[in-house]
Amino acid sequence: MSISQEKIKQLKQKANEIRRTVIETLVNAGSGHTAGPLGTADIFAYLFFHALNHDPKKPDWSERDRLIVSNGHICPVLYAAMAQAGYFPVRDLIKGLRKFGSPFQGHPQRKFLPVLETSSGPLGEGLSQAAGMALAERMSDIRRFDGCLTSSKLFFCILSDAELQEGNIWEAIMFANKEQLGNLIAIVDRNKIQIGGFTEKIMPLEPLREKWEAFNWHTAEINGHDFQELDEAISAAKEFSTKPSVIIAHTIPGKSVKEFENKPEWHGRAPSKEEGEKALKELQ
Amino acid sequence: MTNQQPKLKSTRAGFGEGLVLAGEKDKRVVALTADLKESVCMSVFAEKFPERFIEVGVAEQNLAGVASGMAAMGKIPFIGSFAIFSPGRNWEQIRTTICYNNQPVKIIGSHAGLSASADGGSHQMLEDIALTRVLPNMIVLSPCDAIEAKKMAVAAAAINKPVYIRLSRAETPIITSEETPFEIGKAEMVFEAKKPKVGIIATGPILHKALIAAKELSESGVTVSVMNLATIKPLDEKVVIKLAKETGAIVTVEEHQIAGGMGSAVAELLAQKEPVPIEFVGVRDQFGQTGTYEELLNLYGLSVLKIKQAVRRVMKKKG
């Protein structure tokens, strides 16, 4: 089942709203990460408004799909997408990001925001957790139904490209292959930047797709701003019942605000009030 | 209690029996190891519950993360490796994915202290109490013998918190019995003298040496009471303070660095609530080396003689 043009239009609008919320929250916070959240807004719009089986009114619904955001520093986009989806009011987020006592901690923390699947920030740890969840689900399934897999729950893990420099990630990649976790889908935000510069200069990741393939994952490489491609890749990934999937999503860091695009200096910086106002005009 | 030829058994073996009991009691219990199934005594569990046993290979960071994810889905994971690798290698994964999330993963660190004796200093773990007790949400347990370790495995499974259990490879004396009470958070007086002049607080299998020291001291007229501090965190403050009040002098005994260990935990409490002189028996800022277990215990001052000397030193400080 392919995605309708009408749905794509709707998702584009959602992505724009998410980007606007990201800018507003970062300006009010006065610090935080800009490039990653803007670059992944389309992916988050697609997940929260199309792909994820979830119910913002029942966040602890046990049958929901799980989304693990391993690269916790892009949380402004996670928070913005969740707010837009109805998990909490957008105005609370704009007021609260990175503020004392707020649920919207500088990096995601479940203690303050229990609707999160996990706390994150230190890089390289999300894929292990997502794999553990996917395995636990499959174990429960097998026990209940004598070998028959009946659960259709999916476990998504968002990874930054630079965090693939962490050794822990490759331990998890090996593990997911060993356990044949077909219910696990990793999405790599391939924006080619990290805090200190461009990934290929700091620590080259290429040939990236071939690396995942060599670890026996199903792989796809797409334009992370194209909803059609996202949809096709996720649909294809769902077909693999005994193989984990990775979607390498090429994105433009800082996407949709020309001033911020493709510049490593925007990795860990928040826009000033003036820069934010200019950005919001571009995101009309 | 301090009979001459006690039965010997390692705490890791006791834990292995307890893990099976925990698995029988609760289907949510799963066991994971980083290629040390035999060494951490998870083999019987793995044979009995193969569908609940997961081998992650030599990858302790992933071991912690996977367990956190499984706990998030309602499992009760026990993760086993040598203490030097878990919580040594994967400390930050344990901090962030397990403790920060407050997931009820049980970290089983075997071959702790000097018990990886022939393997040498690289494999001996004298820093694990320090590493784990600084973590919020973490419970830190250190069994004195195999029977207590068995009870700990069962108790750890039943508590909805992260737990660290420190185990030894060494065959050490059975001190307690099946009837000895064990409860997480409760310290136990195991030797009570009349009008004790010094209180010894010991944790782990070295408790046996503390008991021998106490008995020998009593025979020479020095009355000493001995506490088994099996739960290092949360500390049984009431009982520790009571012992300090009663004796006015404390000796702590542990197979761990003095820095940051159980003695430090006791000192932090007593400095605030009941300041009394304390002597610390433990390893003094040194790495281990190859030797037999007893050779190493003697080299690093973890002997009956050194405990007795510490008791006499602390008595002098009482003034």
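This one's a predicted model, so the numbers in the text were calculated from it and none came from an experiment.

Okay, the overall build of chain B next. Secondary structure assignment for chain B yields 12 helices and 14 strands. The C-alpha radius of gyration computed for chain B amounts to 19 Å, which stays within 12% of the reference 20 Å derived for 319 residues, consistent with globular compactness. Here the C-alpha coordinates of chain B stretch approximately 60 × 40 × 35 Å along the principal axes. By residue count, 61% of the 319 residues in chain B fall in the buried class. Within chain B, counting contacts between residues at least 6 apart in sequence, those at least 24 apart form 80% of the total.

So, about the overall build of chain A. Broken down by element type, chain A carries 11 helices and seven strands. Relative to a compact globule of 284 residues, whose C-alpha radius of gyration would be 19 Å, chain A shows 18 Å and is just as compact. When its C-alpha atoms are laid out on the principal axes, chain A stretches across 60 × 45 × 40 Å. Scored against the burial criterion, the 284 residues of chain A give a buried share of 52%. Partitioning the contacts of chain A with sequence separation of at least 6, the portion at a separation of at least 24 is 76%.

Glancing now at the environment of B:L235. Residues and elements named next belong to chain B. Among the secondary structure elements, L235 is positioned in the loop between β12 (231-233) and α9 (237-247). For the pair L235 and V266, spaced 31 residues apart in sequence, the C-alpha separation works out to 8.0 Å. The residues touching L235, leaving out its near neighbours within four places in the chain, are V240, A265 and L269.

Let us look at the nonpolar core. Judged by nonpolar contacts, the single largest core of 196 residues is most densely connected at A:A131, B:I200, B:A210 and B:V311. When residues in this core are grouped by element, the largest group, nine residues, is from helix α7 (residues 146-158) of chain B. Excluding anything up to four places from it in sequence, B:V311 contacts B:V198, B:I200, B:A213, B:L217, B:V222, B:V224 and B:V251.

Backbone hydrogen bonds hold the strands of a sheet together, and the pairing may be parallel or antiparallel. Residues and elements named next belong to chain A. Reading across the sheet, the five strands line up as β1-β2-β3-β7-β6 and stay open at both edges, with parallel pairing between neighbours. In this open sheet, the two edge strands, each paired with only one partner strand, are β1 (66-69) and β6 (218-223). On average, adjacent strands in this sheet sit at an angle of 20 degrees to one another, irrespective of strand direction. Bridge analysis of β1 against strand β2 (residues 155-160) gives four bridges, and the strand direction is parallel. What sits directly across from R66, in β2, is F155.

Moving on: the sheet that holds strand β14 (residues 278-283) of chain B. Residue and element names in this part refer to chain B. Read across the open sheet, the five strands follow the order β9-β11-β10-β13-β14; overall the sheet is mixed. The open sheet has two edge strands with one neighbour each: β9 (188-191) and β14. Pairwise comparison of adjacent strand axes, ignoring direction, gives a mean angle of 25 degrees for this sheet. Two strands pair when backbone bridges link them, and strand β10 (residues 198-202) and strand β11 (residues 224-228) are joined in this way by five bridges, in the parallel orientation. When the sheet's bridge partners are listed, I201 is paired in β11 with M227. Strands β9, β10, β11 and β13 (250-257) of the sheet are contacted by helix α8 (residues 207-219), whose axis makes an angle of about 170 degrees with β11.

Next up on the list: the interface of chain B and chain A. One frequent convention defines the size of an interface as the accessible area lost when the parts assemble. Between chain B and chain A, the residue contacts involve 21 residues of the former and 23 residues of the latter. The set of elements that each furnish at least two residues to the side of chain B that touches chain A consists of α3 (60-72) and α5 (91-99) of chain B. Among the elements that take part in the side of chain B that touches chain A, α3(B) stands out by supplying nine residues, more than any other.

So, on to the pairing of strand β7 (residues 245-250) of chain A. Residues and elements named next belong to chain A. Counting buried positions over the six residues of β7 gives five, a clear majority of the element. Where strand β3 (residues 184-190) meets β7, six bridges bridge the pair, whose relative direction is parallel. Bridging from a neighbouring strand, I187 pairs with I247 of β7. Pairing of β6 with β7 involves six bridges; the strand directions are parallel. By the bridge assignment for β7, H218 is matched with S245. What joins β6 to β7 is helix α10 (residues 227-238), and the crossover it makes is right-handed.

Take the confidence of the model for chain B next. Mean pLDDT over chain B works out to 97, with 98% of the residues at or above the 70 mark. Scored as a whole, the predicted complex attains pTM 0.96, and scored at its interfaces, ipTM 0.96.

All names here are of chain B. Taking 1.5 Å of rise per residue, 13 residues should cover 18 Å, and α7 covers 19 Å from first to last C-alpha, within 8% of that figure. The buried count for α7 comes to 12 of 13 residues, which makes it a mostly enclosed element. Buried residues of α7: A146, I147, E148, A149, K150, K151, M152, A153, V154, A155, A156 and A157, and no others.

The next point concerns the environment of B:P143. All names here are of chain B. With respect to the secondary-structure elements, P143 resides in the loop between β6 (139-141) and α7. Once the C-alpha coordinates of P143 and G120 are considered, the two residues, 23 residues apart in sequence, prove to be 23 Å apart. Once you skip the residues sitting within four places of it in the chain, P143 turns out to touch T11, G14, E148, A149, M152 and A230.

It is worth spelling out the environment of A:E239 at this point. The topology assignment puts A:E239 in the loop between α10 and β7. Separated by 56 residues in the primary sequence, A:E239 and A:N183 place their C-alpha atoms 9.5 Å from one another.

Here we take up the packing of helix α3 (residues 41-51) of chain A against helix α4 (residues 75-85) of chain A. Residues and elements named next belong to chain A. Relative orientation of the contacting elements α3 and α4 amounts to 35 degrees, with a least axis distance of 10 Å. Classified by chirality, the crossing of α4 by α3 is right-handed. For the pair α3 and α4, the contacting residues are A41, F44, A45, F48 and F49 in the first and V77, L78, A81, M82 and A85 in the second.

Right, let's get into α4(A). All names here are of chain A. The buried fraction of α4 amounts to 10 of the 11 residues, a majority that puts the element mostly inside the structure. Looking at α4, one finds that the buried residues are C75, P76, V77, L78, Y79, A80, A81, M82, A83 and Q84. In this structure, the buried side of α4 is in contact with α1 (5-29), α2 (35-39), α3, β1 and α5 (90-96). Immediately beyond the C-terminal end of α4, within one or two residues, lies G86, with a positive phi of roughly 105 degrees.

A cis amide bond links B:S86 with the next residue in sequence, B:P87, at an omega value of 20 degrees. Here B:P87 shows up in helix α4 (residues 84-89). Between B:K233 and B:P234 the backbone carries a cis peptide bond, its omega angle lying at 0 degrees. Looking at the element boundaries, B:P234 is found in the loop between β12 and α9. A positive phi is found at A:R98, a non-glycine position, where the angle reads about 65 degrees. Its location among the elements puts A:R98 in the loop between α5 and α6 (126-145).

Calculation notes
Residues numbered from 1 in each chain as written. Chains lettered and ligands numbered in written order. Predicted model: local features only at pLDDT ≥ 70, side-chain atom pairs only at ≥ 80, totals over all residues. Helix = DSSP H or I, 4+ residues; strand = E, 2+ residues; numbered from the N terminus. Rg over C-alpha atoms; globule rule 2.2 N^0.38 Å. Buried ≥ 20, exposed ≤ 12 C-beta atoms within 10 Å, placed from the backbone. Contact = placed C-beta atoms within 7 Å. Core = buried A, V, L, I, M, F, W, Y, C linked by C-beta atoms within 7 Å. Pairing = 2+ DSSP bridges. Axes fitted to C-alpha atoms, helices over the stretch in contact; angles between N-to-C directions. Right-handed = clockwise from strand over helix to strand, strands pointing away. pLDDT = per-residue confidence, 0-100. Expected span 1.5 Å × (residues − 1). Left-handed = near helix turned anticlockwise from the far one by under 90°.

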